[in-house]
Amino acid sequence: MTHAILVRTTGGPEVLEYTEIDRPSPRAGELLVDVAAAGVNYIDTYQRSGAYTKPLPFVLGLEGAGTVAAVGDGVTDFAPGDRVVWMSGQGSYAEQVAINADIAVRVPDGIDDETAAAALLQGVTAHYLVVSTYPVKPGDTVLIHAAAGGVGLLLVQLAKTKGARVIATVSTEDKEKLARAAGADEVIRYTEVDFAAETRRLTDDRGVQAVYDGVGRTTFDGSLASLAPRGILVLFGASSGPVPPVDPQRLNQAGSLYLTRPTTAHYTATPDELRWRAGEVFDAITSGTLSVRIGGRYPLPDAARAHDDLQARRTTGKLLLLPG
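Remember, predicted model here, so these are calculated numbers, not experimental data.

Now for the overall build of the protein chain. The helix and strand tally for the protein chain stands at 10 helices and 16 strands. Across the 324 residues of the protein chain, 54% fall into the buried class. Long-range contacts, defined as pairs at least 24 residues apart, comprise 67% of the intrachain contacts of the protein chain with a sequence gap of at least 6. Put simply, the protein chain shows about 13,800 Å² of open surface, and 49% of that area lies on carbon and sulfur atoms. Once the 30 positive and 38 negative side-chain charges of the protein chain are each reduced to a mean point, those two points are 5 Å apart.

Read across the open sheet, the six strands follow the order 11-10-9-12-13-14; overall the sheet is parallel. In this open sheet, the two edge strands, each paired with only one partner strand, are strand 11 (186-189) and strand 14 (258-260). The average undirected angle you get between the axes of adjacent strands in this sheet is 15°. Bridge count between strand 12 (residues 208-213) and strand 13 (residues 227-235): five bridges; the pairing is parallel. Residue pairing across strands places D213 opposite L235, the latter belonging to strand 13. Packing against the sheet, helix 3 (residues 150-161) makes contact with strand 9 (141-144), strand 10 (165-170) and strand 12, and its axis sits at approximately 175° to strand 9. Those strands touched by helix 4 (residues 173-182) are strand 10 and strand 11, and its axis lies near 160° from that of strand 11.

All right, on to the nonpolar core then. By size, the foremost hydrophobic cluster in this structure holds 56 residues, and its most contacted members are V85, V142, I144, L155, Y212, F282 and I285. A per-element tally of this core places helix 2 (residues 113-133) first, with 11 residues. In terms of nonpolar packing, the next biggest core, distinct from the first, is built from 29 residues, V7, L60, V84 and L319 among them.

All right, on to the sheet that holds strand 4 (residues 58-59) then. In spatial order, the strands read 2-1-4; together these three strands make up an open sheet with antiparallel pairing. The sheet is open, and its two edges are formed by strand 2 (16-21) and strand 4, each paired on a single side. With two bridges joining them, strand 1 (residues 2-7) and strand 4 adopt antiparallel strand pairing. Counterpart to V7 in the pairing with strand 4 is F58.

A complete count under the given rule lists 19 salt bridges for this structure. D309 serves as the salt-bridge partner of R314, at 2.9 Å between the closest nitrogen and oxygen. Overlapping salt bridges, with partners in common, bring together E176, R180, R189 and E192 in one network.

Here we take up the pairing of strand 9. Looking down a regular strand, the side chains alternate between one sheet face and the other. Because side chains alternate across strand 9, one face comprises the buried residues T141 and L143, and the other comprises V142 and I144, equally buried. Of the pairings in the sheet, the one linking strand 9 to strand 12 comprises three bridges and is parallel in character. Among the inter-strand pairings, V142 is bridged to a residue of strand 12, identified as A210.

By the element assignment, T268 lies in the loop between helix 8 (264-267) and helix 9 (271-287). Excluding anything up to four places from it in sequence, T268 contacts M87, V124, E273, L274 and R277.

The rules behind each value
- Residues numbered from 1 in each chain as written.
- Predicted model: local features only at pLDDT ≥ 70, side-chain atom pairs only at ≥ 80, totals over all residues.
- Heavy atoms only, no water.
- Helix = DSSP H or I, 4+ residues; strand = E, 2+ residues; numbered from the N terminus.
- Buried < 20%, exposed > 50% of the residue type's maximum accessible area, 1.4 Å probe, protein only.
- Contact = heavy atoms within 4.5 Å.
- Areas by Shrake-Rupley, 256 points an atom, 1.4 Å probe, with all protein chains shown as cover.
- Lys, Arg positive; Asp, Glu negative; His and termini not counted.
- Charge placed at Lys NZ, Arg CZ, Asp CG, Glu CD.
- Pairing = 2+ DSSP bridges.
- Axes fitted to C-alpha atoms, helices over the stretch in contact; angles between N-to-C directions.
- Core = buried A, V, L, I, M, F, W, Y, C linked by side-chain atoms within 4.5 Å.
- Salt bridge = Lys/Arg side-chain N within 4 Å of Asp/Glu carboxyl O.

This is how it looks when you write it as C-alpha cells:
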C-alpha cells in the first residue's frame, strides 16, 4: 500500500482525502517513481471541482519529481535510481506514482528535486509563451498579469532576457516587491487603479505588443484594451473563471488584434520538444538567469490547505506537496 490524495466526489478542497491505495506497478513503457515533491497547479483545482471531468474516483495531481524505483518492460532510457521530473502524470499527489517514460525528464545534477518539481510545468509554460506563442523580441513592451505567481515570476524573467520592457500587474505591496525583484520595469496594483488605463499611460497611449493573461474573466476586457494595433492577447489560463464567448468583430474594432488560447500539450507535442524546452529552463536555472520561487511547502495530507491557499490568492510562486 501507499498513501495518496483521492477524489471520490468533486467539490471544494474539503473533498480531498488522504488515504491508502494499492501500490502502483509499472506497466510496459512506464516508470514507478518514489515521489519527492508534487506540484500544485490550477488544473488540479479544475479536476477537483469537476470543471474538468474525470471518472471517479481518481488520485489527483499531474506534476512531480522523484527517484525511479522500478521500470516496466521496454524502458531503456531510465533505470532505478535515476532522478526524474514530469508534468502530466495523473496521480502525482502520492508517495508513489506510475508514469509513462515518454513524459519523464531527467533532473540535471545541481538541481534538487523540489526545484525541479517547482520549475517544470510553469517553466515550460513560460518558455513556450515567450519563445513560441508570441516570440518576444528586443524593444517590445509586454503586459504580464499575476506577475508574482508561479508562471508570472518566470514570465517576467524570461521576457526580460529577451529584451522586453515588462509591465506587471499584482494585487499587493509584497507581490509588487517580488515582481520588481524578478525584473519588472513597471508594476501596476490592479486593486488600486484601472490597469488598462495605466498601461495606456505608461506606453503614451500606444499599448503593448502582447498581453500574457492567465487570469481570464476579470482581466480579459482590460487586456484587449491594453494592446497596440495588431497586438496579441495570449490567454493561457482562467484563474478568475472562464471568459464568456467573444465576438471576433471586437478584435477588428480594437486594432486588428490577435487572440490565442494556447495549451501546454500543443507546445510539448513530442518527447523531444518537451525535453528541449525543459532543458532550456534547467540551463537558465543552473546559469543563474532564472530563479524559481517556492512559495509554500505542505505535507501531503495538507493538500486541501494548499488548494485553499492557492485559490484564495494568498500565495506567491510555486506550491509543493511533500509526501515524505
